[in-house]
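# Analysis of the macromolecular model
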Amino acid sequence: MAPGHAPVRRFGLFAAAALPAGMLVLVLVGGARAEDATPGPVAFATPTPFPSLVPGPPVPTPLPHPPEGETNQCYECHRAVNHQQETIATAWQESVHGKGGVTCADCHGGDPTSDRMGIAMDRSKGFIGKPSREQTVGICGSCHADPERMRQYNLPTDQYAKYWTSVHGQRLATASDTQVAICIDCHGSHDIKKASDPTAPVYPPNVPTLCASCHADAARMKPYGIPTDQYEIYSKSVHGIALLENADVRAPSCASCHGSHAAKPPRDTEVVEVCGKCHTATQDLYMQSRHSELETAAPKCWTCHGTHDVAQPSEALFFHPEPPQYLCVTCHDLQTRTLRIELDQFENEADRRCDTCHHPESDIYAQIEAIEASLSGAHGAYDSAEARIHEAAGAGMIVEDADVALSEAKTSLIQAQAAVHTTKLTVIAGTASESKTKSESAEAIAQARLDESFLRREAMVVVVALIVLIIAALLLVRRRVESGQQQGEAGDAEVPGEP
């Protein structure tokens, strides 16, 4: 080492040399570790925190109004005004509010006991008419944040508080932005339905369309600089197909990852936990990996699988067809001199590969090659066995035992694929080897059935040939017998009769 120079510290596929002037020079290094490397902690980029939340307003007091009498005069009058008002009144009557005793005056104020407009809609006595969008959130919260009122419905009471922590609520609180979503935009106003009702906008398979009603609107999103193609991308993903096409309510919707009342993009540090809500086993495997220990420089779920465009994983996620161009900024922030991985680096599906970060000359790259080879081998053995079993079944052979063996191979293959999240070669290769062995056993069983089928066909040919020979022989005997009979009859005809 040259005098006056700091030792080289290896950061994965890069090395950083601190010069006397405090400059940081990043160079590509090969697979060998520097002999003069000194131990020390790796510097990680400090995550950018979300802006401090502005507290929302306190829960308002419910609108005061006289208790209803035997009839709700608001409903009785409005349904008689015209068709539009009748439609609104009927929608309320059939809603969860109408059936649950929440009346017009609870949201609009006024006197529901009077059929006189001047009294029922007297603003000096609390009638507010159509509430503003800011007022609407408070009116909803005045009931839905009340534990006593919500206990009988077994509904949570934290939605109001959560809303003010959301991106929507913060925009409303800090900028009085009334274009953001409020309660009625998602739940409706007069026609509110239970979330479990398939016709409700907030029923899981309907949520993506509901969110897209705003987020796919280019004019509405333009002031915020938010992309408008998320729904289109999501609808083609494995999640979108499961939810939108197959109506699988277990599949995640927008609210599953972003939240509903507290809607916001997940922090980088929250991604694994968010995905882990559904993929619990995969999360446990990831937490065993070296990746999980690298803090802000760690690959997260989206690094390999994407966000809205999650696709079915395959061995193609390991390598680019051609090695990519490696730049220092791929893994390093040159301003802060830290390792970092950012979401926008992996927005393009083609960049979600192990060799996006791991250089071909690094030790880790060789491990990735071994992992990919073990999985490809197991997958190939499985496909070959499946094809052989199909061939044997097509030949009319019983292959239940081969199917059982192949099912066991499939289980091991899935376990090996999932084990990739541990990044541990021994674990992955061991399970992949088990799968390959079971697939080969299944194929051997199927091949034995095919061989048996071949022998049976040969035996059948011999039997058929013998039958043909026997039939031919019988026909020949029959012809000779018939010929003899004909000759005998001819001889009898030639004998002269007695005089």
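Structure's up top.
Since this is a predicted model, take the numbers as computed values, not measurements.

A separate point is the overall build of the protein chain. Counting secondary structure elements, the protein chain contains 21 helices and five strands. Here the protein chain has roughly 30,100 Å² of accessible surface; of this, 59% comes from carbon and sulfur atoms.

Here we come to the side chain of histidine 320. Within the secondary structure layout, histidine 320 lies in the loop between α18 (301-305) and β4 (332-333). In this structure the side chain of histidine 320 is engaged in a polar contact, spanning 2.6 Å, whose partner is the side chain of aspartate 355. Leave out the neighbours within four places in its chain, and histidine 320 touches Ala350, Asp351, Arg353, Asp355 and Thr356.

Okay, the nonpolar core next. One recurring pattern in soluble globular proteins is that nonpolar side chains are buried together. Counting residues in hydrophobic clusters, the biggest one holds 24 residues, and the most contacted among them are Phe318, Leu375, Ile389, Leu406 and Ala442. If you list the elements that add at least two residues to this core, you get α19 (363-394), α20 (400-418) and α21 (425-494). Sorting elements by how many residues they give to this core places α19 first, with nine residues. With sequence-adjacent residues up to four places away left out, alanine 442 is seen in contact with Ala385, Ile389, Ala402, Ala405 and Leu406.

This brings us to the environment of leucine 425. Topologically, leucine 425 is positioned in helix α21. C-alpha of leucine 425 to C-alpha of serine 374: the two residues are 51 residues apart in sequence and 9.2 Å apart in space. Dropping the residues within four chain positions of it, leucine 425 is found in contact with Gln367, Ala370, Ile371 and Gly430.

With that settled, the discussion passes to the packing of aromatic side chains. Both the distance between ring centres and the angle between the ring planes are used here to describe each pair of aromatic rings. Counted by the stated rule, this structure contains six aromatic pairs. A centroid spacing of 5.7 Å and a plane angle of 50° characterise the contact between tyrosine 75 and tryptophan 92, whose relative ring orientation is tilted. Taken together, the residues span a long stretch of sequence, with tyrosine 75 in helix α1 (residues 73-78) and tryptophan 92 in helix α2 (residues 83-94) at a distance of 17 residues. Judged by its relative accessible area of 9%, tyrosine 75 is buried.

What follows deals with the pattern of salt bridges. Considering all chains together, one arrives at 14 salt bridges under this definition. Of the charged contacts in the structure, one is a salt bridge between lysine 162 and aspartate 158, with a shortest N-O distance of 3.4 Å. According to the relative accessible area criterion, aspartate 158 is partly exposed, its value standing at 32%. For arginine 353, the salt bridge is made with glutamate 349, and the minimal N-O distance between the two is 3.3 Å. The exposure class of glutamate 349 is partly exposed, given its relative accessible area of 39%. Overlapping salt bridges, with partners in common, bring together Arg388, Glu391 and Glu443 in one network.

Time to look at α20. The end-to-end C-alpha distance of α20, which contains 19 residues, comes to 27 Å, matching closely the 27 Å that a straight helix rising 1.5 Å per residue would cover. For α20, every residue scored as buried is listed here: Ala402, Ala405, Leu406, Ala409, Ser412, Leu413 and Ala416. One side of α20 carries all its buried residues, which in axial view fall inside an arc of 120°.

Another point: the state of the cysteines. In the structure shown here, the tally under the stated rule is zero disulfides. Free of any disulfide, cysteine 140 has its nearest neighbouring cysteine sulfur in cysteine 183, separated by 3.9 Å. Not part of a disulfide, cysteine 304 finds its nearest cysteine sulfur in cysteine 354, a span of 5.9 Å.

Below, the discussion takes up the side chain of aspartate 355. For aspartate 355, the location among the structural elements is in the loop between β5 (338-339) and α19. Despite its burial, aspartate 355 pairs with no opposite charge, the nearest such side chain being arginine 353 at 6.1 Å. Beyond its immediate chain neighbours, meaning those up to four positions away, aspartate 355 contacts Phe318, Phe319, His320, Pro324, Tyr326 and Tyr365.

What follows covers a nonpolar patch on the surface. Taken together, the side chains of Val462, Leu466, Leu469, Ile470 and Leu474 present a nonpolar region at the surface, about 510 Å² in accessible area. You can call leucine 469 exposed: its relative accessible area is 57%.

With that out of the way, let us pick up α2. Given a rise of 1.5 Å per residue, 12 residues ought to cover 16 Å, and the 16 Å separating the end C-alpha atoms of α2 matches this to within 8%. Within α2, burial applies to Gln85, Ala89 and Trp92. Buried residues of α2, seen end-on, are gathered within an arc of 60° and therefore sit on one face of the element. Facing away from the buried surface of α2 by more than 90 degrees, the exposed residues are His83, Gln84 and Glu94. You can read the cap of α2 off the contacts: a side-chain oxygen lies 3.2 Å from the backbone nitrogen of glutamine 84, and it is on asparagine 82.

Moving on, we get to unusual backbone geometry. Backbone geometry at asparagine 154 places phi at a positive 55°, although glycine is not the residue there. Positionally, asparagine 154 belongs in the loop between α7 (147-151) and α8 (159-163). In this structure asparagine 154 comes out as exposed when scored by relative accessible area, which is 70%. A positive phi angle, close to 50°, is found at serine 176, a residue other than glycine. Locating serine 176 in the fold gives a position in the loop between α9 (167-175) and α10 (183-187).

About the cut-offs
- Residues numbered from 1 in each chain as written.
- Predicted model: local features only at pLDDT ≥ 70, side-chain atom pairs only at ≥ 80, totals over all residues.
- Heavy atoms only, no water.
- Helix = DSSP H or I, 4+ residues; strand = E, 2+ residues; numbered from the N terminus.
- Areas by Shrake-Rupley, 256 points an atom, 1.4 Å probe, with all protein chains shown as cover.
- Polar contact = N/O pair within 3.5 Å; in protein donor to acceptor, adjacent residues only side chain to side chain.
- Contact = heavy atoms within 4.5 Å.
- Core = buried A, V, L, I, M, F, W, Y, C linked by side-chain atoms within 4.5 Å.
- Buried < 20%, exposed > 50% of the residue type's maximum accessible area, 1.4 Å probe, protein only.
- Phe/Tyr/Trp six-rings, centres within 6.5 Å; stacked < 30°, edge-to-face > 60°.
- Salt bridge = Lys/Arg side-chain N within 4 Å of Asp/Glu carboxyl O.
- Expected span 1.5 Å × (residues − 1).
- Arc of directions from axis to C-beta.
- Disulfide = S-S within 2.5 Å.
- Lys, Arg positive; Asp, Glu negative; His and termini not counted.
- Patch = residues over 30% accessible without salt bridge, like charges linked within 9 Å, V, L, I, M, F, W, Y side chains within 5 Å.

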